[in-house]
There are 4 protein chains.
Amino acid sequence: MKAAVFYGTEDIRMEELETPSPGEGELLLKVSGCGVCGTDAGIYYGKSDKAVPPVVIGHEITGTVERVGPGVVSFREGQQVVVDPFIFCGVCDFCKTGSPLLCSNESFLGYNRNGGYCQYTVVPEQNAYSVPETLGFEERVVCETLATVLAGFDRLGPKPGSSFLILGAGTVGLLWNQVVRNSLPAAIVQTEVVKRRRETAAALGADVTISPCDTDVVETVRSLLPLGVDCIVDATGSTEAVSQALPALKKGGTFLSFGICPPDERLSLSLNWVYRSQVRIITSRRPPRHKIQEAVCILQRGIIDTKAVVTSVRPLSETAEAFRLFEKERDREIKTAIDPWK
Amino acid sequence: MKAAVFYGTEDIRMEELETPSPGEGELLLKVSGCGVCGTDAGIYYGKSDKAVPPVVIGHEITGTVERVGPGVVSFREGQQVVVDPFIFCGVCDFCKTGSPLLCSNESFLGYNRNGGYCQYTVVPEQNAYSVPETLGFEERVVCETLATVLAGFDRLGPKPGSSFLILGAGTVGLLWNQVVRNSLPAAIVQTEVVKRRRETAAALGADVTISPCDTDVVETVRSLLPLGVDCIVDATGSTEAVSQALPALKKGGTFLSFGICPPDERLSLSLNWVYRSQVRIITSRRPPRHKIQEAVCILQRGIIDTKAVVTSVRPLSETAEAFRLFEKERDREIKTAIDPWK
Amino acid sequence: MKAAVFYGTEDIRMEELETPSPGEGELLLKVSGCGVCGTDAGIYYGKSDKAVPPVVIGHEITGTVERVGPGVVSFREGQQVVVDPFIFCGVCDFCKTGSPLLCSNESFLGYNRNGGYCQYTVVPEQNAYSVPETLGFEERVVCETLATVLAGFDRLGPKPGSSFLILGAGTVGLLWNQVVRNSLPAAIVQTEVVKRRRETAAALGADVTISPCDTDVVETVRSLLPLGVDCIVDATGSTEAVSQALPALKKGGTFLSFGICPPDERLSLSLNWVYRSQVRIITSRRPPRHKIQEAVCILQRGIIDTKAVVTSVRPLSETAEAFRLFEKERDREIKTAIDPWK
Amino acid sequence: MKAAVFYGTEDIRMEELETPSPGEGELLLKVSGCGVCGTDAGIYYGKSDKAVPPVVIGHEITGTVERVGPGVVSFREGQQVVVDPFIFCGVCDFCKTGSPLLCSNESFLGYNRNGGYCQYTVVPEQNAYSVPETLGFEERVVCETLATVLAGFDRLGPKPGSSFLILGAGTVGLLWNQVVRNSLPAAIVQTEVVKRRRETAAALGADVTISPCDTDVVETVRSLLPLGVDCIVDATGSTEAVSQALPALKKGGTFLSFGICPPDERLSLSLNWVYRSQVRIITSRRPPRHKIQEAVCILQRGIIDTKAVVTSVRPLSETAEAFRLFEKERDREIKTAIDPWK
């Protein structure tokens, strides 16, 4: 089979690998598509040390069951699935105390096990979720990302009538936009540097979009909502963007750090402000596995516009190019999906 | 001013009363409209002993501020408002322990204080909520009911991707339909005896509607969702309807008793089933006051179709007729609003 | 090895079985003790059809690791452990949607897999929890039951300053007593038929104990707490006991069905009362696995008197006698533990 | 009556004032005692601008009802009470949206209304809580502080079996110690500079106490609990203390900012660490009013050692001296109470 194998920083090679075999409790998937995520680009450009080369990266996987391994009971050949790429050990201290998402011995499809930038891949039965035939390609490709957004939404726990400031309108920001829009909000303000993305944000549901380069975010928010916003969600991963936006938070509000900020950045935080304003700073990383199922349910109702998010589909041979576009030409595409059969 | 005064069972009289004066911290409202609720009809027909005659009933009040009483700081003349009719004492054991909604010495506009079936009424400043000029008549009329639905929704606490069975498609059932539809559900099934209401439920967002007289509710639900539904919300107030529907509940699910069942009815409940199925039985009555504000925020975004709910507006003189229609001809109207200036 | 094998109603046989071998990811335990639970007695007397004979029942297991199976990474020989007997499949609809405790294909040590009334037993590594050497025999024996109580306590979610009515003072009732006592309650009232158990309840922390045969429960509660209690926990499994006690519930309070009521009993429940009183009816069955770890942590601090609960230790040969005492002579023992090496 | 009137920084004067009269819905209290809080000392030394001089400060008030104002229904003369000093307006945007604790027009007994360092004071009926005669002087004096701790504890929402690091062992730290100790914790570690307070912390319930000047806090915590602690509670109000301690937080843990850090201090926070460690930063300021009632309930059971906290009682004339001791000689007293009749 064809695979894009990651060997190290800016080194991805198209190779012919042997089609893998599913082990006990595993499925062999024929990959139909695999999304390109910021973390994948980060791995490629050496900003993230998560991947253990040589490895097939890509963790936003959708495919059809080609073959089931021994002991598999809940799948049969031909079923269309989406995948949770996270595998916890079940026996470390975090797993044993009810926090498998913090597992000390985690595996991750596309990091330290082969992922989805290839034609066939093997996934544990427990990580695969069946999806209805009616679910489109783009919907299946964003399932994993939508699941992480839904997990963040749970953590945030907004009430109907809450107001939101979403920082960033990439894939994650646009999915936040749509989840929030469908959750009885009072108002959605969204910031984004790239004009095209701002336009998409506005078309999807943001009441107001702001270019943070030209416009004072806090002033704009406060002119609309004098008390500030109930929730700020960062989908940029920029500490500076967060720092600029925080004063827009309403007393009693919550800031959710959702984008991954670089390890060398520091937020200069006044605990006196935290106390006087009674704000919370929370975060959300991986979704509990069943959030994939929730994402499937929601997508089935057709209320999430995934075509506005998945803006191009490229062949396996353009995986590196997809990373380059993500990193250097953000105005070109939002989410790229890799189709290994194209 | 003109007022419809309740004197006792099936005895409402059109009278000319003196226009009241707002006291300390009170507002005099010029009533623009007042919704007719099942409880109002219940009072009229002697099913409820809540009202203390002679009294102007009607508690779903919207109006404009005609005059502010001494000490009022947050309103000025001419502002359009909606009203929370519930007044707690602040000093009883329930109020003192953080449960003002369970107040032992409550007052209630339209029960033991004059309400809204009249041209002018007095409300405490704390109970009035300012609404934007853009909010339509029907939206203002349903604010109070929507607030109670939002409070029930909070109690229920469904996750995105939950499935729902809503019993009944009157005003309350149709508002539940719309709140749920806008909250990332997986599926909505709704039962209703009256054909026209079923059609409205389907048009608004129910995936499947059921006439419980002709069709087995549990069978229909289970054929669509073999494991059952995550949430059942009763908006009928019929113990029998609840009893029939409960087996449709998924393991781990929640039944919310929202309609008011008659005091002499009993549900025959197997605690063994509760335990084995790990289900919850909860309820929700009055909304915390700020739910009115949430309702206003949500209505402002135009996502709730209130014209599908408020199906007629009648003059004060037809208040008794509105009760009669509610009670005896359910296929005629859904919610009636009284306009005391018509 | 010696084992007490269950063959059917009132048929338990002492047999010599081959010592089992741990498979992949499994531990062979040398059983030090195994508690006798009401469900075990129920199985023996044919009231419960959970067990699949022939099988070694007993699920409140403590022991030391005799041998580790292939692939085991978190245990070594000689470690003392307690066990969560519940094994979920991981791939059914409930497991896949985040509710493994509702698993459709569950296994259970002591029901459909060999449990603890024997000298050696095999348990999955994921189900075993290491305990410190300082934890006494009685503490290890009650770990599993305490975990179920802690799970119920989580569901109940009482605030500091809550008042409690606990129905029953057997093992479960006495553990509830102690968990509540250590959780900043305002007051604990406990009912119990057996005098000795009432005395233990009082000694451990109940402010008032009631013999429900001689005394009106609701009257007694209301004389102490005129508004009623915030929480009622049933640890009797008697629908009649629940029915008698429910009117003692405070407005806004919660009833937790914790004991297992017989399938043929029905509670006659007024939904009007539920609504007017704004009460919740909830339940709790199996604990999430990590509750075992919480139980270990709590027991380590020495705040739970387990010797008041585990009142006798009997050899394997007296397993049937232990069931008989549980069922027929409740005034003799509270919890019996079986020591298979005695 | 005698009163200690605050006129400005380091200017408190003993004066003879006219005994006040209770207005509508108010109580006149004969003050039995009033605690000295860090905020009071901060006001005196010009670190806080909360007080509006000339004013009688002091907000930890206990007394007996001397006279009831018109309209008071829930108190009679002679009753012993404790007081919530916070008065919200009820009509600002925060009050109207369910967040009265964030009220924009708050009053506060002892800040902008006369408080408790005097012989008689007036409080709203809604702010007074009746306490049983059995509650001792020290218990009544700490009620208000205990209420704030209980509110923080609610926010924190720890599960049984959680581990805690409490920074500081002054009044607040020692009450946290005792609330936590009585809430099924796994372990309590407490830091404190003053030796005597460390000893009290250890005597009350801390498993380990640390002098942060001599000992590395994180190293000590990690040697005991290799994964770190579930909860860090700051009761010092020192950003540096927080900064030093934060790395002791377990993945998935929560930091509660409870002490008031100076407005000019900044915490240098890595959002990458927040994200990777999945930690929360929360805070808690004022308690919902009913927490006073919870505090009373808990104190009644005698499980909080208040004599270890209230270490001296001084006459009104020594109010300034009490502030001096709080600020400059922390090893002398923990909480001082003022008795205006001494």
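Caption draft 1: Expanded view of the relation of the copies chain D and chain B. Least-squares fitting of chain D to chain B yields an RMSD of 0.0 Å, with the superposition described by an axial translation of 0.0 Å and a rotation of 180°. Viewed as a symmetry operation, the transformation between the two copies matches a two-fold axis. When the interface residues of chain D are mapped onto chain B, 100% of them again lie at the interface, so the same face is used by both copies.

Caption draft 2: The arrangement of the relation of the copies chain D and chain A in detail. When chain D is fitted to chain A, the best match, at an RMSD of 0.0 Å, comes from turning it 180° and sliding it 0.0 Å along the axis. Comparing interface residues between copies, 100% of those in chain D also sit at the interface in chain A, which points to an isologous, same-surface contact.

Caption draft 3: Structural detail: the sheet that holds strand β4 (residues 55–56) of chain A. Residue and element names in this part refer to chain A. Taking strand neighbours across the sheet as the criterion, the 3 strands line up as β2-β1-β4 in an open arrangement whose pairing is antiparallel. Looking along the sheet, the strands with just one partner apiece sit at the ends: β2 (11–16) and β4. Sheet analysis places strand β1 (residues 2–8) next to β4, joined by 2 bridges and oriented antiparallel. Residue pairing for β4: Phe 6 is matched across the bridge by Val 55.

Caption draft 4: Just the packing of helix α3 (residues 137–156) of chain B against helix α4 (residues 171–181) of chain B, in detail. Residue and element names in this part refer to chain B. One way to put it is that α3 packs onto α4 with a least axis distance of 10 Å and a crossing angle of 55°. When the axes of α3 and α4 are compared, the pair comes out oblique. Viewed along their axes, α3 and α4 form a crossing whose handedness is right-handed. Contacts between α3 and α4 involve Val 142, Thr 145, Leu 146, Val 149, Leu 150, Gly 152, Phe 153 and Leu 156 from the former and Thr 171, Val 172, Leu 175, Trp 176, Val 179 and Val 180 from the latter.

Caption draft 5: Focus on the sheet that holds strand β4 (residues 55–56) of chain C. Residues and elements named next belong to chain C. The strand order β2-β1-β4 describes an open sheet built from 3 strands, whose pairing is antiparallel. Looking at strand neighbours, the two that pair on one side only are β2 (11–16) and β4, the edges of this open sheet. Relative to β2, strand β1 (residues 2–8) runs antiparallel, the two sharing 6 bridges. Residue pairing in the sheet places Gly 8 in a bridge with Asp 11 of β2.

Caption draft 6: Highlighting the confidence of the model for chain A. For chain A, per-residue confidence averages 97 on the pLDDT scale, and residues scoring 70 or more make up 100% of the total. Reported confidences for the modelled complex are a pTM of 0.97 and an ipTM of 0.97.

Caption draft 7: Here's a closer look at the interface of chain D and chain A. Contact with chain D, which involves 38 residues of that partner, is made by 38 residues of chain A. Where chain D abuts chain A, roughly 3700 Å² becomes buried across the two surfaces, and 62% of that area is made up of carbon and sulfur atoms. Contact with chain A buries surface across chain D, with Leu 271, Tyr 275 and Arg 285 of chain D losing the most and accounting together for 21% of the total. One can count 0 salt bridges joining chain D with chain A. At the boundary of chain D with chain A, the tally comes to 11 residue pairs in polar contact (both at pLDDT 80 or more). Mapped by element, the contributors of at least two residues to the side of chain D that touches chain A are α2 (93–96), α7 (239–245), β15 (249–257), β16 (267–269), α8 (271–277) and β17 (280–283) of chain D. Relative to β16 of chain D, strand β16 (residues 267–269) of chain A is paired through 3 bridges, and the arrangement is antiparallel. When the bridges of β16 of chain D are listed, Ser 268 of chain A appears paired with Ser 268 of chain D.

Caption draft 8: Quick look at the packing of aromatic side chains. Inspection of the entire model under this criterion finds 36 aromatic pairs over all chains. Considering the side-chain rings of Phe 108 of chain B and Tyr 111 of chain B, the 4.1 Å spacing of their centres and the 15° angle between planes classify their relative orientation as stacked. On the accessibility criterion, Phe 108 of chain B (6% relative accessible area) is buried. With 5.5 Å between their ring centres and 85° between their planes, Tyr 120 of chain B and Trp 341 of chain B make a pair best called edge-to-face. Here Tyr 120 of chain B is found in strand β9 (residues 120–124), whereas its partner Trp 341 of chain B is found in the segment after β19 (335–339), with 221 residues between them in sequence. Tyr 120 of chain B sits in the buried class, given a relative accessible area of 14%. One aromatic cluster in this structure is built from Tyr 44, Tyr 45, Tyr 117 and Phe 323 of chain A. In this structure, Lys 30 of chain B is placed above the aromatic ring of Trp 341 of chain B, and the distance from its NZ or CZ to the ring centre is 4.7 Å. Positioned over the ring face of Phe 94 of chain A is Lys 251 of chain D, at 5.8 Å from the centre of the ring.

How each quantity is defined
Residues numbered from 1 in each chain as written. Chains lettered and ligands numbered in written order. Predicted model: local features only at pLDDT ≥ 70, side-chain atom pairs only at ≥ 80, totals over all residues. Heavy atoms only, no water. Least-squares fit on C-alpha atoms with pLDDT ≥ 70 in both. Contact = heavy atoms within 4.5 Å. Pairing = 2+ DSSP bridges. Helix = DSSP H or I, 4+ residues; strand = E, 2+ residues; numbered from the N terminus. Axes fitted to C-alpha atoms, helices over the stretch in contact; angles between N-to-C directions. Parallel < 35°, antiparallel > 145°, perpendicular 65-115°, else oblique. Left-handed = near helix turned anticlockwise from the far one by under 90°. pLDDT = per-residue confidence, 0-100. Buried area = accessible area lost by both parts, 1.4 Å probe. Salt bridge = Lys/Arg side-chain N within 4 Å of Asp/Glu carboxyl O. Polar contact = N/O pair within 3.5 Å; in protein donor to acceptor, adjacent residues only side chain to side chain. Phe/Tyr/Trp six-rings, centres within 6.5 Å; stacked < 30°, edge-to-face > 60°. Buried < 20%, exposed > 50% of the residue type's maximum accessible area, 1.4 Å probe, protein only. Lys NZ or Arg CZ within 6 Å of the ring centre and 35° of its normal.

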